[in-house]
Amino acid sequence: MFLTFFTYGQETIYIDEKGDTISKKVYVEKWRNNDLLSSSWHHKDKKGKNYVTLRNLYLKGRYDYKNIKSKLEEISHIKIPDSVILLIEYNYKDDLCSSRRDNNWNYSEVSERKEFTNPMRKKLSKKNIFLISLFESGMTIKNKPKNKREYFFIDKNNFFREKMFISPTLCGSFALLKTNGECVIRNGEYRADSMAELLKAEFWKLFFEKEE
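Residues numbered from 1 in each chain as written. Predicted model: local features only at pLDDT ≥ 70, side-chain atom pairs only at ≥ 80, totals over all residues. Heavy atoms only, no water.

### Re the overall build of the chain
Within the chain one finds six helices and twelve strands. With the C-alpha coordinates aligned to their principal axes, the bounding extent of the chain is approximately 50 × 50 × 30 Å. Entry remark: accessible area of the chain is about 12,600 Å², with carbon and sulfur atoms responsible for 49%. (Helix = DSSP H or I, 4+ residues; strand = E, 2+ residues; numbered from the N terminus. Areas by Shrake-Rupley, 256 points an atom, 1.4 Å probe, with all protein chains shown as cover.)

Following this line, the structure appears as C-alpha cells:
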C-alpha cells in the first residue's frame with residue numbers, strides 16, 4: 001500500500017530511522033511492527049529516484065512557548081491569547097501523500113480541507129486550543145490572509161520547518177505545545193481532534209513523567 005505513489009519499475013531506496021540503507025523486506029517488517037511506532041516519508045530526488053524513509057511516529061521536546069507564539073503571530077498577523085495551547089498542523093513540500101503530487105493548493109482544495117477542519121477548530125477553541133495550519137516555504141496556497149478567520153499560512157522563512165518539524169513525513173505532522181513549553185509531535189496522517197486527546201493526563205504522562 002505504501003508504494004502506490006511510485007511508478008512500477010523505478011528504483012526505490014529504503015532507509016531506516018537512523019539513516020541507514022536497508023532492504024525492502026526489513027523496511028516492511030519495521031513499518032508493520034506496531035511496537036516501533038513508525039511513520040514514513042516518500043519522495044523523489046531530481047533524477048526521479050524514489051526514496052522511502054522510516055520516521056519516528058512521535059517526538060517530544062521543550063520549546064520557548066512565547067517565542068513560538070510570537071512567530072505564529074508574525075506569520076498569521078493574528079493576536080493569539082497567552083494562555084492557549086497551540087496545535088500546529090504542518091504540510092510538507094514535495095509530499096506524495098496527495099494524488100495531486102504537487103505543491104500548489106488551489107481555492108477548491110483549500111475550501112475542501114477547511115470544510116473538514118473548521119468544525120474541529122471551533123470545538124478545539126472552546127477547549128482553549130488554538131489550531132493553525134502551516135505550509136512549508138515553496139508551496140502555494142490560495143488563502144485569504146487578510147481575513148481574520150484565516151488559519152492556513154505559509155511558513156515563509158521555514159522557521160517551523162527548521163526548528164520544530166525537522167522530520168518530513170508522509171501526509172504531514174502535528175505539534176501540540178503547552179504553555180510550559182512541553183511539546184509532542186506526531187508524524188503522519190492524523191486528525192487535529194485526535195491529536196488534542198493526547199492532552200489527557202494518562203497520555204501526556206507517557207511523554208513527560210511528572211518530577212517527584
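### Quick look at the sheet that holds strand S6 (residues 85-91)
Read from one edge of the open sheet, six strands run S5-S12-S11-S6-S8-S10, paired in mixed fashion. Looking at which strands have only one partner, the edges of the open sheet turn out to be strand S5 (58-62) and strand S10 (152-155). When strand polarity is set aside, the average angle formed by the axes of neighbouring strands in this sheet is 25°. Running at roughly 55° to S6, helix H2 (residues 65-76) makes contact with S6, strand S8 (129-136), S10 and strand S11 (173-177) of the sheet. The strands that helix H3 (residues 107-126) touches are S6, S8 and S10; relative to S8, the one it contacts most, it runs at about 150°. (Pairing = 2+ DSSP bridges. Axes fitted to C-alpha atoms, helices over the stretch in contact; angles between N-to-C directions. Contact = heavy atoms within 4.5 Å.)

### Let's talk about the environment of Leu-54
Examined against the element boundaries, Leu-54 turns out to sit in strand S4 (residues 50-56). Relative accessible area serves as the criterion here: at 1%, Leu-54 is assigned to the buried category. Between the alpha carbons of Leu-54 and His-42 there is a distance of 9.1 Å; along the sequence they are twelve residues apart. Ignoring anything within four residues of it in the chain, the contact list for Leu-54 reads Ile-15, Asp-16, Glu-17, Ile-22, Tyr-27, Lys-30, Trp-31, Ser-38, Ser-39 and Ser-40. (Buried < 20%, exposed > 50% of the residue type's maximum accessible area, 1.4 Å probe, protein only.)

### With respect to the sheet that holds S4
Taken together, the four strands give an open sheet; going across it, the order is S2-S1-S4-S3, and neighbouring strands pair in mixed fashion. The open sheet has two edge strands with one neighbour each: strand S2 (21-22) and strand S3 (38-44). In terms of strand pairing, S3 meets S4 through seven bridges, oriented antiparallel. When the bridges of S4 are listed, Ser-38 appears paired with Asn-56.

### As for a positive patch on the surface
Where like charges cluster on the molecular surface, the positive patch consists of Lys-122, Lys-123, Lys-126 and Lys-127. By the secondary structure assignment, Lys-123 is in helix H3. Using a relative accessible area of 61% as the deciding quantity, one classes Lys-123 as exposed. (Patch = residues over 30% accessible without salt bridge, like charges linked within 9 Å, V, L, I, M, F, W, Y side chains within 5 Å. Salt bridge = Lys/Arg side-chain N within 4 Å of Asp/Glu carboxyl O. Lys, Arg positive; Asp, Glu negative; His and termini not counted. Charge placed at Lys NZ, Arg CZ, Asp CG, Glu CD.)

### Regarding unusual backbone geometry
With a phi close to 60°, His-77 is a non-glycine residue in the positive phi region. Looking at where His-77 falls in the secondary structure, it is placed in the loop between H2 and S6. At Asp-94, a position not held by glycine, the phi torsion is positive, near 65°. Position of Asp-94 among the secondary structure elements: in the loop between S6 and strand S7 (104-105). Classification of Asp-94 as partly exposed rests on a relative accessible area of 42%.

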